[in-house]
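# Examining the three-dimensional arrangement
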Amino acid sequence: MTEPAISRAARLYDTAAELADLFGSRAAAHESAGTFPYENYDDLRRTGYHLATVPESYGGWGLSVADVTRAQARLGEGCASTALVVAMQVTQVARAVRAGWPQATLNRVMEGIVEHGYLINSTASEPATGSPSRGGIPTTTATPNPGGYSITGRKTYSTGAPVLHYFVVSANIPTNEVGARPQVANFLVERDQPGVSIERTWDALSLKLCGNDDLVLENVQLDKSALLASAQKPPPESAAFSAAWGLPVAAVYFGIGRAAAKFAAKYARERKPNSLGKSIAELPHIQDKAGRMELALLEAENTLFAVADLAATGEADRNPARLTALVGAAKFLATNRAIEAVDLAMRIAGSASLSMETPLQRYYRDVRAGLGNPPMDDVSIATLGKMALGIL
Ligand SMILES: Cc1cc2nc3c(=O)[nH]c(=O)nc-3n(C[C@H](O)[C@H](O)[C@H](O)COP(=O)(O)OP(=O)(O)OC[C@H]3O[C@@H](n4cnc5c(N)ncnc54)[C@H](O)[C@@H]3O)c2cc1C
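This report concerns the structure included in the present document.

## Remarks on the packing of aromatic side chains
In total, this model carries seven aromatic pairs according to the counting rule given. On the numbers, 5.0 Å between centres and 65° between planes, the contact of Tyr149 with Phe187 is edge-to-face. One end of the pair, Tyr149, is in strand β3 (residues 148–158); the other, Phe187, is in strand β5 (residues 183–190), with 38 residues separating them in the sequence. Connected via pairs of aromatic rings, a cluster forms that spans Phe36, Tyr38 and Tyr41.

Here it is in structure tokens:
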């Protein structure tokens, strides 16, 4: 008998909690040594969490965006860097299943993920384009030849690069036609193909352990089955579906805010300065900060999960424009309210929050990174504004 979805979802959440605690306990040591947490990925594969969105027919959990968003929020409480790599994996798998890839290629990728524990991400950003969500044309080129395509270029911010096997690479297909519009498509590149290399470039304030390195492609020969789908102007339903699968990414940043709040609450209960003779949790100004911290998180959490529930019940097909706007709102709140919550948590802890001995400094650095993932704040607010004005 197959396990009901509700029980699989509960199991995924429990797994997220187990992994969050484990990954969180390793983060400080890796940050100070400047090492990548490879062992987190052994644990990920041991538990099968990376199969959360692989359809059951391939041997995965087949879970919905609502279930995965909740689990990702919990995972983000541990090591947000690793949780982001995992978010990319579960999101890309869900998108691939819907994207209409050639069936044989999809089967091969799903089998690679299930049988070998391979991880996948989309590598679209380039120095010239900035965020691909703005519509820039990639300078990476896929030149047609008798065998298929030869692809050359450099992708930046390739989250999880040290452990990825599959890269979904956006590239433009040059044409000799004068005045023709550039054709942009996604291609499947595998790590072990000749001409593929990773340059360890990620040296950042935030998410130090997420391996946002450069993918370098030098005349990588791909056969025709590597052409996945056009990367231009999908139908609104597909675009909304894809946008909704950004929620498990946004959930990671919400998770950082939640982790900061939990830390600050415990700290406040335990900290008893001798000027007071009781815990600082008894102080009105600390209670005020804690209340505002919780309010920010409640607002983010309720919107995030409500929109994820809506997406999981088919809103992308019923009302794609509305879902896209609501996803932007959820992402905006998840990141910005988490930033506020971390700030308030640090104000509660006082100067101890600056110590490298507490995780608050890591939360403070990591939570900022959410602003760099699409949809960007200006886009979210403008889309919401159009919805409010009835012109979306
Ligand atoms: C933690 C993290 C993980 C990431 N993971 C991935 C990944 O897995 N795969 C991937 O492909 N990319 C990834 N990215 C890259 C991300 O999607 C962006 O490409 C990157 O953050 C650069 O975006 P930017 O807006 O700062 O770029 P820039 O283009 O340098 O923008 C600079 C500023 O100008 C504004 N701006 C730029 N263009 C416009 C415009 N047309 N209209 C209005 N405002 C504009 C921006 O909002 C920003 O404020 C990741 C980034 C981060 C931070």
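Here the narrative resumes, following the displayed structure.
## With respect to the pattern of salt bridges
A pair can form between side chains of opposite charge whenever their charged atoms are brought close. Following the criterion strictly, the structure yields 26 salt bridges and no others. Across the pair Asp214 and Arg154 runs a salt bridge, and its minimum N-O distance is 2.8 Å. Here Asp214, found in strand β7 (residues 213–223), pairs with Arg154, found in strand β3; they are 60 residues apart in sequence, far enough to count as distant. With a relative accessible area of 31%, Arg154 lands in the partly exposed category.

## Comments concerning the nonpolar core
If you look at the biggest cluster of nonpolar residues, it comprises 113 residues, and the most contacted ones within it are Tyr49, Ile151, Phe187 and Leu304. Sequence-distant contacts of Leu304, that is, excluding residues within four places in its chain, are made with Thr69, Leu247, Ala250, Ala251, Phe254, Ala330 and Ala334.

## With respect to the environment of Asn172
In this structure, Asn172 sits in strand β4 (residues 166–173). When the C-alpha positions of Asn172 and Thr139 are compared, they lie 6.8 Å apart, and in sequence the two are 33 residues distant. Setting aside anything within four residues of it in sequence, one finds Asn172 in contact with Ile137, Pro138, Thr139, Thr140, Thr141, Ala142, Gln183 and Val184. A polar contact of 2.7 Å, which involves the side chain of Asn172, links it to the backbone oxygen of Pro138.

## Comments concerning the site of the ligand
The environment of the ligand is made up of 21 residues, and the closest members are Asn121, Ala124, Ser125, Arg134 and Thr159. Arg134 places a side-chain nitrogen or oxygen 2.8 Å from an oxygen atom of the ligand. In the environment of the ligand, an oxygen atom lies 3.2 Å from a nitrogen or oxygen atom belonging to the backbone of Gly372. In isolation the ligand offers 950 Å² of accessible surface; the protein chains occlude 62% of this area. Counting only elements with at least two residues in the shell around the ligand, the list comes to α4 (80–98) and β1 (120–123). Looking at which element gives the most residues to the shell around the ligand, the answer is β1, with three residues. By residue class, the composition of the shell around the ligand is 10 nonpolar, 10 polar and one charged. No fewer than three residues from each of domain 2 (122–230) and domain 3 (236–389) sit in the shell around the ligand.

## Concerning the packing of helix α1 (residues 5–33) against helix α3 (residues 65–75)
Between α1 and α3, the shortest axis-to-axis distance is 8 Å and the interhelical angle comes to 20°. What the angle tells us is that α1 and α3 run roughly parallel. As for the relative orientation of α1 and α3, their crossing is right-handed in sense. On α3, the residues touching Ala9, Leu12, Tyr13, Ala16, Ala17, Leu19, Ala20, Asp21 and Phe23 of α1 are Asp67, Val68, Arg70, Ala71, Arg74 and Leu75. When the residues that make up the contact of α1 with α3 are grouped by side-chain class, the tally is 11 nonpolar, no polar and four charged.

So, how was this worked out
Residues numbered from 1 in each chain as written. Predicted model: local features only at pLDDT ≥ 70, side-chain atom pairs only at ≥ 80, totals over all residues. Heavy atoms only, no water. Phe/Tyr/Trp six-rings, centres within 6.5 Å; stacked < 30°, edge-to-face > 60°. Helix = DSSP H or I, 4+ residues; strand = E, 2+ residues; numbered from the N terminus. Salt bridge = Lys/Arg side-chain N within 4 Å of Asp/Glu carboxyl O. Buried < 20%, exposed > 50% of the residue type's maximum accessible area, 1.4 Å probe, protein only. Core = buried A, V, L, I, M, F, W, Y, C linked by side-chain atoms within 4.5 Å. Contact = heavy atoms within 4.5 Å. Polar contact = N/O pair within 3.5 Å; in protein donor to acceptor, adjacent residues only side chain to side chain. Near = heavy atom within 4 Å. Areas by Shrake-Rupley, 256 points an atom, 1.4 Å probe, with all protein chains shown as cover. Nonpolar A, V, L, I, M, F, W, Y, C, P; charged D, E, K, R; others polar. Domains from an automatic or database assignment. Axes fitted to C-alpha atoms, helices over the stretch in contact; angles between N-to-C directions. Parallel < 35°, antiparallel > 145°, perpendicular 65-115°, else oblique. Left-handed = near helix turned anticlockwise from the far one by under 90°.

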